[in-house]
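# Commentary on secondary and tertiary structure
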Amino acid sequence: MAKNSSARAGKSALPRNIYGDEISAYIEECRQFVARARRQEVVIEDRPGPLTLNTKSKLNGRKRAAEDFAGEALASRQEDLRQLESDLTKRELELLEREIKYIGLQKELDQLRPLSGLYRVVKAMATERKLEPLLEVITRETQQILNCERCSVFVLEPKSQELWTKIAQGLDRQDTLRIPLKNTSIVSLTARHGEVINIPDAYSDPRFDSSFDQRTSYLTRNILCVPMRNRDAEVLGVFQVLNKTGGPFTSNDEEWLQALAGVAAGLIEQAQAYEEIEFFVDKTLETLAQTIDKRDPLTAGHSIRVTKYSLLIGESLNLPQCDMDVLRYAAMMHDYGKIGVPEAILWKNGRLTPEEYALVQTHARITYELLSNLPFTRRLSNVPFVASCHHEKLDGSGYYRGLKGHEIPFLARIITVADVFDALTSVRHYRNRMVITKVTEIMDGGREHHFDPSVIDAFFRLPCDKVLKVMESERGQEIPVELEQFKEIKWSRLMELCDGQNPEEHEEGMRDLFDRVYFAGLPSDYQGLD
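Attention in this report is confined to the structure presented alongside it. (Residues numbered from 1 in each chain as written. Predicted model: local features only at pLDDT ≥ 70, side-chain atom pairs only at ≥ 80, totals over all residues. Heavy atoms only, no water.)

Summing up its helical and strand segments, the chain has 18 helices and six strands in all. Intrachain contacts of the chain at a sequence separation of at least 6 include 62% that bridge at least 24 residues. On the chain, roughly 30300 Å² of surface is accessible, and the fraction owed to carbon and sulfur atoms is 52%. (Helix = DSSP H or I, 4+ residues; strand = E, 2+ residues; numbered from the N terminus. Contact = heavy atoms within 4.5 Å. Areas by Shrake-Rupley, 256 points an atom, 1.4 Å probe, with all protein chains shown as cover.)

And the structure:
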């Protein structure tokens, strides 16, 4: 029994496992059963009344036999009870050993958890290319590895000298924290000095600013901040974690966060380099497009406006980002082939002859040939084809390939609508700016045979203020403040008002305001082409 007692004592000193209470209750129930069995007694009752000597002798013999049988039965029962108690003791010891193994496995799992988190980070890096989803994986795994409540990644903006939250757990996606580098906050100090700051008790540290806690009703207990460095050892941001469960952050936590911060820094540096390259490509193509436009001051800004209209339509149609990128470059470069068209034809006042018009049509083919020489990435490989198809028509009467229907890339159909709209609403050598009701008639009447109806519908759903801002952005005049009044109505509704429909109360004066914007800067005797 001493062995059993010591086992129970050893068990009480160990942490409870997930099934300890249930097993303890079962063992206690078995022990109570043994105790009750031991208290049972075998009782032999004498019959009342006078008995003969012979009868007494027989009864005494029967009594002794019964007593012998009861003794044997009791001894057998006691042996069974001892065996049961021995089995229970062995079972209890087995459970104790299992619990000890369980505790050991828990410790091993705690040691392996950081490695499994790091594996998931590496796996995400192999399958995901975008920066924000990768940083979300890193912060989520950091939260598990360090057993903390919140993680934030601050990126340093060199021009503004501000640290801003690329990822911040606990904040809405649209909310961004911006902290000046010269600030006295812990994040700013980490970035300026490039050193790890580990604060076990935030409110006892004079460097801690509790104003954020007061604004958000959050309670910061402990903080760990680690600088993120690029390949040149320059600080490009700060990785911050808050509120470790069960106590302050340890030196082991610092090492893990430094390792994860190194991974995050590499990803941020790579993304920044990609953004710089993309910005350079954007500006290069934009400059090339403008060199064509600026050959003729009257058409300057056409490519930029067509690009902006196209992107507005793409957003209205909820195109994926990869398509929006192709759309942007293709729209920007759609007229690049005009570099091969003589200026005398491009600048001609009046209508073109059939021969001259045939020369103008060659610009679509030249656009394809020139853009095909550019080393576009695989993601943008369709740019030359899409850009060269902006004069194709659904009925097959367009140029230069004579494509029709679904043979025409959908992105090219978007550029077609944007290109025609800008051409009709701009002054050209051969005609004046067209009155807006005539523009609407041409656009709406071109469904099915010239324009894709879904693209026309998407264009007419655009907010008026966005269309007007693009329309006026490249005409050398400041955009009137009154354009804000057009935010609440769609382009289709404005066209109805211009066509003579009665305005609602909140639409009073919009037609006159539109005319004032549309014809601003033009000669007083100007007459729109109808």
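The rest of the description comes next.
Turning our attention to the sheet that holds strand E3 (residues 178–180). Ordered in space as E3-E2-E1-E6-E5-E4, the six strands form an open sheet in which the pairing is antiparallel. The open sheet has two edge strands with one neighbour each: E3 and strand E4 (197–199). Across the sheet, the mean angle separating the axes of adjacent strands is 25° when strand polarity is ignored. Two strands pair when backbone bridges link them, and strand E1 (residues 148–157) and strand E6 (residues 235–244) are joined in this way by seven bridges, in the antiparallel orientation. Residue pairing for E6: Val-153 is matched across the bridge by Phe-239. In this fold helix H7 (residues 251–293) packs onto E1, E4, strand E5 (223–229) and E6, with an angle of close to 40° to the strand it touches most, E5. (Pairing = 2+ DSSP bridges. Axes fitted to C-alpha atoms, helices over the stretch in contact; angles between N-to-C directions.)

Right, let's get into a nonpolar patch on the surface. Taken together, Ile-277, Phe-280 and Val-281 make up a surface patch of nonpolar side chains, about 300 Å² in accessible area. With respect to the helices and strands, the residue Val-281 is situated in helix H7. Take Val-281: its relative accessible area is 31%, and that puts it in the partly exposed class. (Patch = residues over 30% accessible without salt bridge, like charges linked within 9 Å, V, L, I, M, F, W, Y side chains within 5 Å. Salt bridge = Lys/Arg side-chain N within 4 Å of Asp/Glu carboxyl O. Buried < 20%, exposed > 50% of the residue type's maximum accessible area, 1.4 Å probe, protein only.)

A separate point is the nonpolar core. Core analysis: the largest hydrophobic core is formed by 66 residues, its most contacted members being Phe-421, Met-443, Phe-459, Phe-486, Trp-491, Leu-494 and Phe-514. With sequence-adjacent residues up to four places away left out, Phe-459 is seen in contact with Tyr-309, Ile-313, Val-417, Phe-421, Val-467 and Trp-491. Among the nonpolar cores identified, the runner-up in size contains 30 residues, and Ile-145, Val-241, Leu-267 and Ala-271 belong to it. (Core = buried A, V, L, I, M, F, W, Y, C linked by side-chain atoms within 4.5 Å.)

We now examine the packing of H7 against helix H9 (residues 321–332). Where H7 contacts H9, the two axes come as close as 9 Å, and the packing angle between them is 30°. Between H7 and H9, the angle is such that the two are roughly parallel. Contacts between H7 and H9 involve Glu-278, Val-281, Asp-282, Leu-285, Glu-286 and Ala-289 from the first element and Arg-328, Tyr-329 and Met-332 from the second. In terms of residue class, the contact of H7 with H9 is made up of five nonpolar, no polar and four charged. (Parallel < 35°, antiparallel > 145°, perpendicular 65-115°, else oblique. Nonpolar A, V, L, I, M, F, W, Y, C, P; charged D, E, K, R; others polar.)

To continue, consider empty space enclosed by the protein. Applying the stated criterion across every chain, the model contains one cavity of 30 Å³ or more. Quantified by volume, the largest cavity comes out at close to 30 Å³. Taken together, Glu-392, Lys-393, Leu-394, Ile-408, Arg-413, Thr-416, His-450, Phe-451 and Asp-452 make up the lining of the largest cavity. Split by residue class, the lining of the largest cavity holds three nonpolar, two polar and four charged. (1 Å grid on protein atoms, 1.4 Å probe; cavity = no way out; pocket = protein on both sides within 12 Å on 5 of 7 lines; lining within 4 Å. Points joined across faces, edges and corners; volume = space filled by probe spheres on them.)

The tally for this structure, following the rule as stated, stands at 10 aromatic pairs. Ring geometry for Phe-421 against Phe-459: centres 4.6 Å apart, planes inclined by 55°, an arrangement best described as tilted. Here Phe-421, found in helix H13 (residues 410–424), pairs with Phe-459, found in helix H15 (residues 453–460); they are 38 residues apart in sequence, far enough to count as distant. Take Phe-421 and Phe-459: they sit in the same class, and that class is buried. Three or more aromatic residues joined by ring pairs form one cluster here, namely Tyr-309, Phe-421, Phe-459, Phe-460, Trp-491, Phe-514 and Tyr-518. Here the basic side chain of Arg-328 rests over the ring of Tyr-329, its NZ or CZ set 4.8 Å away from the ring centre. Its end group placed over the ring of Tyr-368, Arg-401 keeps NZ or CZ at 4.8 Å from the ring centre. (Phe/Tyr/Trp six-rings, centres within 6.5 Å; stacked < 30°, edge-to-face > 60°. Lys NZ or Arg CZ within 6 Å of the ring centre and 35° of its normal.)

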